[in-house]
Amino acid sequence: MTQIAAQLFTIRDFTQTREDFAASMAKIRAIGYEAVQVSQIGDIPDAEVKRIADDNGLTICNTHSSVDQLQRDPDAVIEQHRLWGARHVAIGGMPLEYRESEDGFRRFAAIANDIGGTLNAAGMTFSYHNHSFEFVRFGEKSGLELIFDETDPRYVQFEIDTYWVQHGGADPVVWIEKMQDRMPVVHLKDMVMIPPPAKSPPNELGRVDTDRRGDLRPQQAMAEVGEGNMNFVGILAACKRIGVEWYAVEQDICQRDPFESLAISYRNLREMGLS
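A brief report on the enclosed structure follows. (Residues numbered from 1 in each chain as written. Predicted model: local features only at pLDDT ≥ 70, side-chain atom pairs only at ≥ 80, totals over all residues. Heavy atoms only, no water.)

## So, the overall build of the protein chain
The cut-off we apply is this: Helix and strand definitions follow DSSP, with helices as H or I runs of at least four residues and strands as E runs of at least two, each counted in order from the N terminus. Within these notes, the globule rule equals 2.2 Å times the number of residues to the 0.38 power, and the radius of gyration is based on C-alpha atoms. Note on contacts: a residue pair qualifies if any of its non-hydrogen atoms lie within 4.5 Å across the two residues. In short, Shrake-Rupley with a 1.4 Å probe defines the accessible areas, and a residue's cover is counted only from the protein chains shown. When charges are counted, neither His nor the chain ends are considered; positive counts come from Lys and Arg and negative counts from Asp and Glu. To locate a charge, take atom NZ for lysine, CZ for arginine, CG for aspartate or CD for glutamate.
Assigned secondary structure in the protein chain consists of 10 helices and 12 strands. Here the C-alpha radius of gyration of the protein chain, 19 Å, is about what a compact globule of 275 residues would show, namely 19 Å. The long-range share in the protein chain, meaning contacts at least 24 apart out of those at least 6 apart in sequence, stands at 78%. Carbon together with sulfur atoms contributes 47% to the accessible area of the protein chain, which is approximately 12800 Å² in total. Between the averaged position of the 28 positive side-chain charges in the protein chain and that of its 42 negative side-chain charges there is a distance of 3 Å.

## Concerning the pattern of salt bridges
What counts here: Any Lys or Arg side-chain nitrogen found within 4 Å of a carboxyl oxygen on Asp or Glu counts as a salt bridge. Whether a residue is buried, partly exposed or exposed follows from its accessible area with a 1.4 Å probe, protein chains only, as a fraction of its type maximum: under 20%, in between, or over 50%, in that order.
Within this structure, the stated rule accounts for 17 salt bridges. As a salt-bridge pair, Glu-48 and Arg-18 come within 2.6 Å of each other at their nearest N and O atoms. Of this pair, Glu-48 sits in helix H2 (residues 46-55) while Arg-18 sits in helix H1 (residues 18-31); the two residues are 30 residues apart in sequence, bridging distant segments of the chain. Two residues, Asp-252 and Lys-189, come together in a salt bridge whose shortest N-O distance is 2.9 Å. Of this pair, Asp-252 sits in the loop between strand E12 (246-249) and helix H10 (258-271) while Lys-189 sits in the loop between strand E9 (185-188) and strand E10 (190-194), placing them 63 residues apart in sequence. We classify Asp-252 as buried; its relative accessible area is 14%. Taken together, the salt bridges that share partners define one network made up of Arg-18, Glu-48, Arg-51 and Asp-55.

## Examining unusual backbone geometry
Unlike most non-glycine residues, Gln-40 shows phi in positive territory, near 60°. Within the secondary structure, Gln-40 sits in the loop between strand E2 (35-38) and H2. The backbone phi angle of Asp-181 is positive, close to 70°, even though this residue is not glycine. If you trace the backbone, Asp-181 turns up in the loop between helix H8 (172-178) and E9.

## Concerning the layout of surface pockets
Over the atoms rolls a probe the size of a water molecule, and its path tells where empty space is left. Spelled out, the test is: Think of a 1 Å grid over just the protein atoms. A cavity is a set of points where a 1.4 Å probe fits yet cannot get out, a pocket is an open set with protein on both sides within 12 Å along at least five of seven lines, and lining residues have an atom within 4 Å of a point. Grid points are joined across faces, edges and corners, and a volume is the space filled by probe spheres set on the points. Charged residues are taken to be Asp, Glu, Lys and Arg, nonpolar residues to be Ala, Val, Leu, Ile, Met, Phe, Trp, Tyr, Cys and Pro, and polar residues to be all remaining types, Gly included.
Each pocket or cavity is described by its volume, and for the largest pocket that value is around 430 Å³. Val-38, Ser-39, Gln-40, His-64 and Ser-65 are the residues nearest the centre of the largest pocket, which is lined by 25 residues in total. Of all the elements in the fold, those that place two or more residues in the lining of the largest pocket are H2, strand E3 (59-65), helix H3 (67-72) and helix H4 (74-84). Residues of the lining of the largest pocket, tallied by class, amount to eight nonpolar, 14 polar and three charged.

## Quick word on the environment of Gln-255
Turning to its location among the elements, Gln-255 is positioned in the loop between E12 and H10. Look at Gln-255 and you get exposed, because its relative accessible area is 52%. A sequence separation of 159 residues divides Gln-255 from Leu-96, and the C-alpha atoms of the two residues are 28 Å apart. Beyond its immediate chain neighbours, meaning those up to four positions away, Gln-255 contacts Ala-221 and Met-222.

## Focus: the packing of H1 against H2
Heads up, the rule is: Here an axis means a line fitted to C-alpha atoms, over the contact stretch when the element is a helix, while the angle between two N-to-C directions is reported on a 0 to 180 degree scale. Angles below 35 degrees are treated as roughly parallel, those above 145 as roughly antiparallel, those between 65 and 115 as roughly perpendicular, and all remaining angles as oblique. The sense of a crossing depends on the near helix, which, turned anticlockwise from the far helix by less than a right angle, makes the crossing left-handed and, turned clockwise, makes it right-handed.
Relative orientation of the contacting elements H1 and H2 amounts to 25°, with a least axis distance of 9 Å. Viewed along their axes, H1 and H2 adopt a mutual orientation that is roughly parallel. Two packed elements cross with a definite hand, and for H1 against H2 that hand is right-handed. Residue-level inspection shows Arg-18, Phe-21, Ala-22 and Met-25 of H1 in contact with H2, the latter providing Glu-48, Val-49, Arg-51 and Ile-52. Split by residue class, the contact of H1 with H2 holds five nonpolar, no polar and three charged.

Printed below as a string of structure tokens:
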């Protein structure tokens, strides 16, 4: 079985009904994927999700679940993953209320330890998926370093997202290598610079993004693996060194049809030697 999985968040607009989910899984399998990560799908019964995946020859390798559900009803999460044959559970990010301070990151780490301990007792792993806000620094450490240092490696793993590490100004290879024995799944997407739009939208501060001359700036954008500027030779080599089990392709925002984006990433990864 190939180690490459499609993260279903990429095609979230096409997985909200049972019929669309079934059609999308057929497309995913036709591209060549043999595994998926379930995330942001519609209200489809768990047994139907499993049946449709099986009918299309797709393994459910892991998921993104919510912190709220994992705290409120971990038994339901465990039962769902046992039905799906998925032993890796991840969350898509830290809830907003913990992101603004060092104390918040430390409090979240304690919660992650509790969740991870529960899943570990059930024979499952628990991973944290990063974005770039975790690279805000609190004194000598970034937020992601705090989570890494404050969590028990027996209970908390990491699902490093290559794009978001780069977006945060850090080196994906360094962070992947830091995760020896703590990363069953990696998230792969590339970064490209695109020309500025004819009229730039305001940024989060309400200002148009310009350089010192007043010119509109090129923009960072997500791209298919191998179509951007990131060091994927080094990234894949580092993943191999630390024993990553699953390579999940995720592209939050696509510049083309998302199924085409998944196909390009899959083809490029196979050409890079990932099988």
